[in-house]
Amino acid sequence: IQLTQSPSLLSASVGDRVTLSCKGSQNINNYLAWYQQKLGEAPKLLIYNTNSLQTGIPSRFSGSGSGTDYTLTISSLQPEDVATYFCYQYNNGWTFGGGTKLELK
Amino acid sequence: EVQLVESGGGLVQPGRSLKLSCVASGFTFSNYGMNWIRQAPGKGLEWVAYISSGSSYIYYAETVKGRFTISRDNAKNTLYLQMTSLRSEDTALYYCARQRYNTLWGQGVMVTVSS
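Attention here is on the structure that accompanies the text. (Residues numbered from 1 in each chain as written. Chains lettered and ligands numbered in written order. Predicted model: local features only at pLDDT ≥ 70, side-chain atom pairs only at ≥ 80, totals over all residues. Heavy atoms only, no water.)

1. Structural notes on the state of the cysteines
Right, so step 1: One pass over the full model with this rule turns up two disulfides over all chains.
Right, so step 2: Between the sulfur atoms of Cys22(A) and its disulfide partner Cys87(A) the distance amounts to 2.1 Å. Negative torsions about the S-S bond denote left-handed disulfides, and the value of about 75° found for Cys22(A) with Cys87(A) makes this one right-handed. Placement of the pair is Cys22(A) in strand E3 (residues 18–24) and Cys87(A) in strand E9 (residues 83–89), with a sequence separation of 65 residues. Cys87(A) matches Cys22(A) in its accessibility class, with the two residues each being buried.
Right, so step 3: Here Cys22(B) engages in a disulfide with Cys96(B); their sulfurs sit 2.0 Å apart. Measuring the twist about the S-S bond at about 65°, one finds the Cys22(B)-Cys96(B) disulfide to be right-handed. Of this pair, Cys22(B) sits in strand E3 (residues 18–25) while Cys96(B) sits in strand E9 (residues 92–98), and the two are 74 residues apart along the sequence.
Right, so step 4: Judged by relative accessible area, which is 0%, Cys22(B) ranks as buried. (Disulfide = S-S within 2.5 Å. Helix = DSSP H or I, 4+ residues; strand = E, 2+ residues; numbered from the N terminus. Buried < 20%, exposed > 50% of the residue type's maximum accessible area, 1.4 Å probe, protein only.)

2. Concerning the environment of Ser25(A)
Residue and element names in this part refer to chain A.
Right, so step 1: Considering the arrangement of structural elements, one finds Ser 25 in the loop between E3 and strand E4 (32–37).
Right, so step 2: Contacts of Ser 25, omitting those with residues within four sequence positions, involve Ile 1 and Gln 2.
Right, so step 3: A distance of 2.8 Å separates a polar side-chain atom of Ser 25 from the backbone nitrogen of Gln 2. (Contact = heavy atoms within 4.5 Å. Polar contact = N/O pair within 3.5 Å; in protein donor to acceptor, adjacent residues only side chain to side chain.)

3. Some points on the interface of chain B and chain A
Right, so step 1: Opposite the 16 residues of chain B that make contact, chain A presents 16 residues.
Right, so step 2: Interface area for chain B against chain A, summed over the two sides, is near 1400 Å², with a carbon-plus-sulfur share of 64%.
Right, so step 3: Contact with chain A buries area across many residues of chain B, yet Leu45(B), Arg100(B) and Tyr101(B) alone supply 46% of it, more than any other trio.
Right, so step 4: Here chain B and chain A share zero salt bridges between them.
Right, so step 5: Along the contact surface separating chain B from chain A lie seven residue pairs in polar contact (both at pLDDT 80 or more).
Right, so step 6: For the side of chain B that touches chain A, the elements supplying multiple residues, two or more each, are strand E4 (34–39) and strand E5 (45–51) of chain B.
Right, so step 7: Ranked by the residues each element gives to the side of chain B that touches chain A, the list is headed by E5(B), at four residues.
Right, so step 8: For the side of chain B that touches chain A, the residue count by class is eight nonpolar, six polar and two charged. (Buried area = accessible area lost by both parts, 1.4 Å probe. Salt bridge = Lys/Arg side-chain N within 4 Å of Asp/Glu carboxyl O. Nonpolar A, V, L, I, M, F, W, Y, C, P; charged D, E, K, R; others polar.)

4. Here's the deal with the pattern of salt bridges
Charged atoms that come close allow side chains of opposite charge to pair.
Right, so step 1: Evaluation of the coordinates by the stated rule reveals seven salt bridges over all chains.
Right, so step 2: Here Arg60(A) makes a salt bridge to Glu80(A), at a shortest N to O gap of 3.7 Å. Within this pair, whereas Arg60(A) is found in the loop between strand E6 (52–53) and strand E7 (61–66), its partner Glu80(A) is found in the loop between strand E8 (69–74) and E9, the two being separated by 20 residues in sequence.
Right, so step 3: For the salt bridge of Asp81(A) with Arg60(A), the shortest nitrogen-to-oxygen distance reads 2.7 Å. Pair noted here: Asp81(A) is in the loop between E8 and E9 and Arg60(A) is in the loop between E6 and E7, with a separation of 21 residues, a long-range link.
Right, so step 4: Residue classification places Asp81(A) among the buried positions, given a relative accessible area of 1%.
Right, so step 5: A single salt-bridge network, built from bridges that share partners, covers Arg38(B), Glu46(B), Arg67(B) and Asp90(B).

Below you can see the structure in the form of structure tokens.
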């Protein structure tokens, strides 16, 4: 399964509602996770099974989707959210999307 | 502290071998499947290999199949990645991660394949 993330680069302002997209080449059956990777750090799990928030992750992060189309939403962008975000499917093999780099406008 | 710590990376010539280790602490290692994931400099993430908790199920990315071997020693709380016939395109930061959907990551270990 191939994953396509869009956009590849997103500029937004503090307080904005931000939506990142991840589209699979086949049905992912909700086995979809999202990670945040800040510069020089290991990735961190934000969301698993499409919409389950990992322990300790702020509630402004949420996930949704079904079938081949999935979304990560940040309800109110904070400066510390500047990072690259990767989606990942574990339904059929294991695959990462190419990433969306989120920067402040 | 719950953590994963990788080691064993370095500079190696093309065609040579290297073995990475990942030591787990703070949780029951034997209860979890584990992944190796890599990231080439300035690039995205690539899943490399998976091993189930009891080593019954093992899977590899096509890019490393036949060259890399994942294994684990639950008595030592350690995950391994034996890499052979290394190529320049294997140059990357290698992470170990816990569970199918990577709930916990190590800090990564750098492997550079160059003559």
